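# Chain and residue survey
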Amino acid sequence: MSTPSTTPSKDLLKIPAVDAEVLSLRSFRSAGSRKEPKHDKNRVPHPSHRHASPSAPWPWVDLDDEVDREQLECPLPPIPPLCDHKDCGGCWKGYPQSRFPNWTKRQVIKSKIYSAIRDYPKDRVCVCHRVDVDSNGFFTNPGPIIARPGEDDKVWDQLIHEDRPEGIRVRALFLENISGPVLQMLGAKYNIEPFFWSSSLNWIPSRFQEEIQPGIGDHITITLTFLRSMSDHDAIQLNASFSKSTDTLAKPPTLLGTQTIDPHSPLRLHSNGRLLVLDLLAVHLIRNVNGSTILSFHPSLDLPTTKADFLHERIRFAGMPFPWLYKECSR
């Protein structure tokens, strides 16, 4: 008597052949069905880096991105000569491509510069708070530049025709509720590499030097995320405005805790009743032998970050001459 074979029949294991074209189509459909999470403009952007922080400019180009053949074959230089803004007709309107044609439309959109230019809050007034530092180290307030909606030509004319007083070594601008047109105007006037805006808008830590002209000057960008301490009392006052990022403060603790961990939400320190919140320092320095300029970017988010008017006030206060110092120096 023969023992039945325990090996499955080849016919039973036979897998129906699937055309490679059908497989690729299925893969394409499944990949297309996976949608990226919707970006919340009132939250800190998710970092593009996972383990390490980049120190060089983030390129905003992936290996599988399409190459712009027209730009690749263009015989013109990647960066055009500097504009004197006398008869350009408002070159700021095409920034960043007007100054940096190597930035493709795909990169501008991917880096969120496009949304910052087009989708900024139209109901907020952009204010550029300013501080001047002269050759003697005295700090003065030349007054703010207020950019109201519909006054773009007026603001641009003020930026390009305003002369600095003699003896001013540094002028600092603290950007509050920066609008799309003001971003473009400052970028065109000071020839700012778009990497500064992309690093600042996406909270990407970076530090780099560019446009080096020996004996004349250069550009330096520093963006840094850090933890700032604030009191519970301040957090309660801000909770109504910043409810999306402080919801975890209002929820009572449970034995199991919350099911999800939000690394961007404030961290409560029960030992001293304070909170640790994420903050951003984003500074672009244009150094020049004839006078330097500092731009301080401040996020237009409903979050407890350092505001432009606050830092402007603190910088002015730090530059105030103290009477006791004069007394000590006069002895």
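Residues numbered from 1 in each chain as written. Predicted model: local features only at pLDDT ≥ 70, side-chain atom pairs only at ≥ 80, totals over all residues. Heavy atoms only, no water.

### Remarks on the pattern of salt bridges
What the rule picks out here adds up to six salt bridges. A salt bridge links Arg 171 to Glu 162; the nearest nitrogen and oxygen atoms lie 3.7 Å apart. When its relative accessible area of 6% is taken as the criterion, Arg 171 is described as buried. A salt bridge links Glu 313 to Arg 314, with the nearest nitrogen and oxygen atoms 2.8 Å apart. Taken together, the shared-partner salt bridges in this structure form one network comprising Arg 130, Asp 132, Glu 162 and Arg 171. (Salt bridge = Lys/Arg side-chain N within 4 Å of Asp/Glu carboxyl O. Buried < 20%, exposed > 50% of the residue type's maximum accessible area, 1.4 Å probe, protein only.)

### Quick notes on the side chain of Asn 191
Mapped onto the secondary structure, Asn 191 falls in the loop between helix H7 (180-189) and helix H8 (195-201). Separated by 3.2 Å, the side chains of Asn 191 and Glu 211 make a polar contact. Dropping the residues within four chain positions of it, Asn 191 is found in contact with Leu 82, Arg 99, Phe 100, Leu 186, Glu 211 and His 219. (Helix = DSSP H or I, 4+ residues; strand = E, 2+ residues; numbered from the N terminus. Polar contact = N/O pair within 3.5 Å; in protein donor to acceptor, adjacent residues only side chain to side chain. Contact = heavy atoms within 4.5 Å.)

### Remarks on the layout of surface pockets
Put simply, the second largest pocket is a space of about 850 Å³. Arg 164, Lys 189, Tyr 190, Ile 286 and Thr 293 are, among the 35 residues lining the second largest pocket, the residues nearest its centre. When residues of the lining of the second largest pocket are traced back to their parent elements, those giving at least two are helix H6 (152-161), strand S4 (168-176), H7, strand S5 (206-213), strand S6 (217-231) and strand S8 (274-288). Per element, the largest residue contribution to the lining of the second largest pocket is four residues, and it comes from H6. (1 Å grid on protein atoms, 1.4 Å probe; cavity = no way out; pocket = protein on both sides within 12 Å on 5 of 7 lines; lining within 4 Å. Points joined across faces, edges and corners; volume = space filled by probe spheres on them.)

### What about the nonpolar core?
Residues Leu 186 and Trp 197 are the most contacted members of the largest nonpolar core, which totals 41 residues. Considering each element in turn, this core owes the most residues, five residues, to H7. Beyond its immediate chain neighbours, meaning those up to four positions away, Trp 197 contacts Tyr 95, Ile 113, Leu 175, Ile 178, Leu 183, Leu 186, Gly 187, Ile 192 and Phe 297. Ranked by size, the runner-up nonpolar core spans five residues in total, among them Val 131, Val 133, Phe 174 and Ala 308. (Core = buried A, V, L, I, M, F, W, Y, C linked by side-chain atoms within 4.5 Å.)

### Thoughts on the side chain of Thr 104
Looking at the element boundaries, Thr 104 is found in the loop between helix H3 (69-72) and helix H4 (105-110). Contacts of Thr 104, omitting those with residues within four sequence positions, involve Asp 68, Gln 71 and Gln 97.

### Structural notes on the pairing of S5
The sheet contact formed by S5 and S6 spans six bridges and is antiparallel. Each residue of the ladder has a partner; that of Glu 210, found in S6, is His 219. Counting the residues in the hairpin turn of S5 and S6 gives three residues, including Gly 215, whose phi is positive at 80°. (Pairing = 2+ DSSP bridges.)

### Comments concerning the confidence of the model for the protein
In low-pLDDT regions, the fine details of the predicted coordinates are not to be read closely. Residues of the protein with pLDDT of at least 70 account for 71%, and the chain-wide mean is 78. The least confident element of the protein is helix H2 (residues 20-33), whose mean pLDDT is 41; the most confident is strand S9 (residues 292-297), at 97. Scored below 50 in pLDDT, residues 240-259 makes 20 contacts in the model with residues more than four places away or belonging to other chains. (pLDDT = per-residue confidence, 0-100.)

### Regarding a nonpolar patch on the surface
Taken together, the side chains of Ile 222, Leu 224 and Leu 281 present a nonpolar region at the surface, about 230 Å² in accessible area. In this fold, Leu 224 is placed in strand S6. Given the relative accessible area of 42%, Leu 224 is considered partly exposed. (Patch = residues over 30% accessible without salt bridge, like charges linked within 9 Å, V, L, I, M, F, W, Y side chains within 5 Å. Areas by Shrake-Rupley, 256 points an atom, 1.4 Å probe, with all protein chains shown as cover.)

### A look at unusual backbone geometry
Excluding glycine, residues mostly carry a negative phi; peptide bonds, for their part, are mostly trans. Geometrically, the link from Tyr 95 to Pro 96 is a cis peptide bond, its omega value of 10° lying close to zero. Mapped onto the elements of the fold, Pro 96 is located in the loop between H3 and H4. Positive phi, normally seen in glycine, also occurs at Asn 191, with a value near 55°. On the basis of relative accessible area, Asn 191 is assigned to the buried category, the value being 8%.

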